[in-house]
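Spelled out from the first residue to the last, the chains are:
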Amino acid sequence: MDYKNTLDFAKQQDAADPLKGFREKFYFPQLGGKDVVYFTGNSLGLQPKATQDYILNELEDWASFGVEGHFHARNPWMPYHEQFAVPVSKIVGALPEEVVVMNQLTVNLHLLMVSFYRPTKQRYKILCEAKAFPSDQYALESQAKFHGFNPNTAVVEVFPREGEHAIRQEDILSAIDKHKKELALVMFGGVNYYSGQVFDMKAITEAGHKAGAIVGFDLAHAAGNVLLNLHDWNVDFACWCSYKYLNSGPGSVAGAFVHQRHLNKDIQRFAGWWGHDKETRFKMEKGFIPMPTAEAWQLSNAPVFSMAAHKASLDIFDAASMPALVAKSKKLTGYLEFIVAEINVKRETSNVRLEIITPKERGCQLSIVAHGMGRSLHEKLTEAGVISDWREPNVIRCAPVPLYNSFEDVYRFGEILMANMK
Ligand SMILES: *Cc1c(COP(=O)(O)O)cnc(C)c1O
């Protein structure tokens, strides 16, 4: 695409954007009466304007019906989660029966590892990316310990090479091969939260399976950001949160995927009543009979208020559709990449240089290192109306989200960045 670093160009792109109407559906934080440049949808997605009504409906129905709301609410609470199977399956590329919305992300990761990390003396290792999100590191470590293994030997990390930021695909594959006799589980992020690198989930799954391991993904930064095909890729299990790209509110309810071939099997799991066969659930009898779907992993009845927020957002996703979002995302993030390169050219004589450490395999996020500048840059950006995310020592994570960010946002970001690089 032929980009230009002008306001006119940005405005033309916005005018021609088939998704331009979606920005209106979100609240933007304000600074001086203006929308901020919000580039942190990778951390907490913005609030859809409809969310309040979705939650209010449930509060009203609770007031009107009390316990009867389980059956008589406008969206009855008893089967509330069932509404998510189809829209969520489209976002992660699954069959409806393979997905369930429940709990929170780290909880789901643990529950799925109870089923899918079944180490033996011979096969006990977990392979993951270096610099995985800390919660995942703690989850893997504690699972290894729980099974009596030393996490220092059981958890194997694949690192970027010296002087590089992304992990090479060939290094992931050779690590799988190297540990293949001891490998129980390959557990990667779909998109690394720090570098923004998208991993080749299909190839990693194939290689993991060839080595005799189970393969799972944490899709916190992938769900709603990149195209996923969990079913066709044969991924064994996956989990994600809903408050980043999926805009469902702080700490909102999370998702889980279990491949069809693991459903309806006698499989080790921690069980609760909401995972029990729904036809006989209310007989309240002994003897767990699992649901024939991913719902078998549910423990508790649905947290309806968070789920109402999730529903508000998924209705928007359904209207926008992932393929259209990803098509815009490529252009929008490409524009940000172009603007960063322009700033470097314009400031050729300065000591400060911007470096994008995100590889070409990416979603919407770019992680930008500001060489020669410290945290003060981030503070200045914030004062000037850019909400981005700073990671020590000098990385700014910027996620222009195709659902609500515009080309004008990217242009404004460039202007503000340029003005504050001193
Ligand atoms: C955001 C994120 C989390 C957060 O975990 P919660 O259980 O939702 O608090 C965990 N893992 C990854 C990879 C994340 O990006």
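Residues numbered from 1 in each chain as written. Predicted model: local features only at pLDDT ≥ 70, side-chain atom pairs only at ≥ 80, totals over all residues. Heavy atoms only, no water.

## Quick look at the overall build of the protein chain
Here is step 1: On a plain count of helices and strands, the protein chain comes out with 14 helices and 15 strands.
Here is step 2: Relative to the compact-globule value of 22 Å for 422 residues, the protein chain shows a C-alpha radius of gyration of 22 Å, a close match.
Here is step 3: Across its three principal axes, the protein chain shows a C-alpha extent of roughly 75 × 60 × 35 Å.
Here is step 4: Counting all 422 residues of the protein chain, 55% fall into the buried class. (Helix = DSSP H or I, 4+ residues; strand = E, 2+ residues; numbered from the N terminus. Rg over C-alpha atoms; globule rule 2.2 N^0.38 Å. Buried < 20%, exposed > 50% of the residue type's maximum accessible area, 1.4 Å probe, protein only.)

## Some details on the sheet that holds strand β6 (residues 155–158)
Here is step 1: In spatial order, the strands read β4-β10-β9-β8-β7-β5-β6; together these 7 strands make up an open sheet with mixed pairing. For this open sheet the edge positions go to β4 (99–102) and β6, each flanked by a neighbour on one side alone. Ignoring which end each strand starts from, the neighbouring axes of this sheet average 20° apart.
Here is step 2: Looking at chain direction, strand β5 (residues 125–129) and β6 are connected through 4 bridges and run parallel. Residue pairing in the sheet places cysteine 128 in a bridge with glutamate 157 of β6. (Pairing = 2+ DSSP bridges. Axes fitted to C-alpha atoms, helices over the stretch in contact; angles between N-to-C directions.)

## A word on the site of the ligand
Here is step 1: Every residue close to the ligand is listed here: Leu105, Thr106, Phe133, Asp136, Asp218, Ala220, His221, Tyr243 and Lys244.
Here is step 2: A distance of 2.5 Å separates an oxygen atom of the ligand from a polar side-chain atom of tyrosine 243.
Here is step 3: Relative to its unbound accessible surface of 390 Å², the ligand loses 82% to contact with the protein.
Here is step 4: For the shell around the ligand, a count of residues per class yields 4 nonpolar, 2 polar and 3 charged. (Near = heavy atom within 4 Å. Polar contact = N/O pair within 3.5 Å; in protein donor to acceptor, adjacent residues only side chain to side chain. Areas by Shrake-Rupley, 256 points an atom, 1.4 Å probe, with all protein chains shown as cover. Nonpolar A, V, L, I, M, F, W, Y, C, P; charged D, E, K, R; others polar.)

## Here's the deal with the sheet that holds strand β14 (residues 389–391)
Here is step 1: Spatial ordering of the open sheet is given by β11-β12-β15-β14, a layout of 4 strands whose pairing is antiparallel. Two strands lie at the open edges of the sheet, namely β11 (353–356) and β14, each paired on one side alone. For this sheet, the mean inter-axis angle between neighbouring strands, taken without regard to orientation, is 30°.
Here is step 2: The pairing of β11 with strand β12 (residues 366–371) spans 4 bridges and is classified as antiparallel. Each residue of the ladder has a partner; that of leucine 354, found in β12, is alanine 370.
Here is step 3: In this fold helix α12 (residues 322–346) packs onto β11, β12 and β15 (395–398), with an angle of close to 150° to the strand it touches most, β11. (Contact = heavy atoms within 4.5 Å.)

## Section: unusual backbone geometry
Here is step 1: With an omega of 0°, the peptide bond running from glutamate 392 to proline 393 counts as cis.
Here is step 2: Following the sequence through the fold, proline 393 ends up in the loop between β14 and β15.
Here is step 3: Non-glycine residue asparagine 234 carries a positive phi angle of around 70°.
Here is step 4: Locating asparagine 234 in the fold gives a position in the loop between α10 (230–233) and β9 (237–240).
Here is step 5: Positive phi outside glycine occurs at methionine 284, with the angle close to 55°.
Here is step 6: Along the polypeptide, methionine 284 turns up in the loop between β10 (254–258) and α11 (304–320).
Here is step 7: The class of methionine 284 is exposed, set by a relative accessible area of 58%.

## Notes on the domain arrangement of the protein chain
Here is step 1: Assigned domains within the protein chain: domain 1 (7–35 + 322–420) and domain 2 (54–320).
Here is step 2: Here domain 1 and domain 2 have C-alpha centroids that lie 30 Å from each other.
Here is step 3: Taken together, the contact between domain 1 and domain 2 spans 27 residues of the former and 21 residues of the latter.
Here is step 4: Contact with domain 2 buries area across many residues of domain 1, yet Met322, Ile357 and Gln365 alone supply 27% of it, more than any other trio.
Here is step 5: For the pair domain 1 and domain 2, the interface holds 0 salt bridges.
Here is step 6: Connecting domain 1 to domain 2 are 7 residue pairs in polar contact (both at pLDDT 80 or more).
Here is step 7: Broken down by secondary-structure element, the contributors of at least two residues to the side of domain 1 that touches domain 2 are α12 and β15. (Domains from an automatic or database assignment. Buried area = accessible area lost by both parts, 1.4 Å probe. Salt bridge = Lys/Arg side-chain N within 4 Å of Asp/Glu carboxyl O.)

## Concerning the pairing of strand β8 (residues 214–218)
Here is step 1: In terms of burial, β8 is largely enclosed, as 4 of its 5 residues are buried.
Here is step 2: Looking at chain direction, strand β7 (residues 183–189) and β8 are connected through 5 bridges and run parallel. If you follow valine 186 over to β8, its bridge partner there is valine 215.
Here is step 3: Once you follow β7 into helix α9 (residues 201–210) and on to β8, the crossover reads as right-handed.
Here is step 4: Judged from the 3 bridges that link them, β8 and β9 form a sheet pairing that is parallel. Its bridge partner lying in β9, phenylalanine 217 is registered against alanine 238. (Right-handed = clockwise from strand over helix to strand, strands pointing away.)

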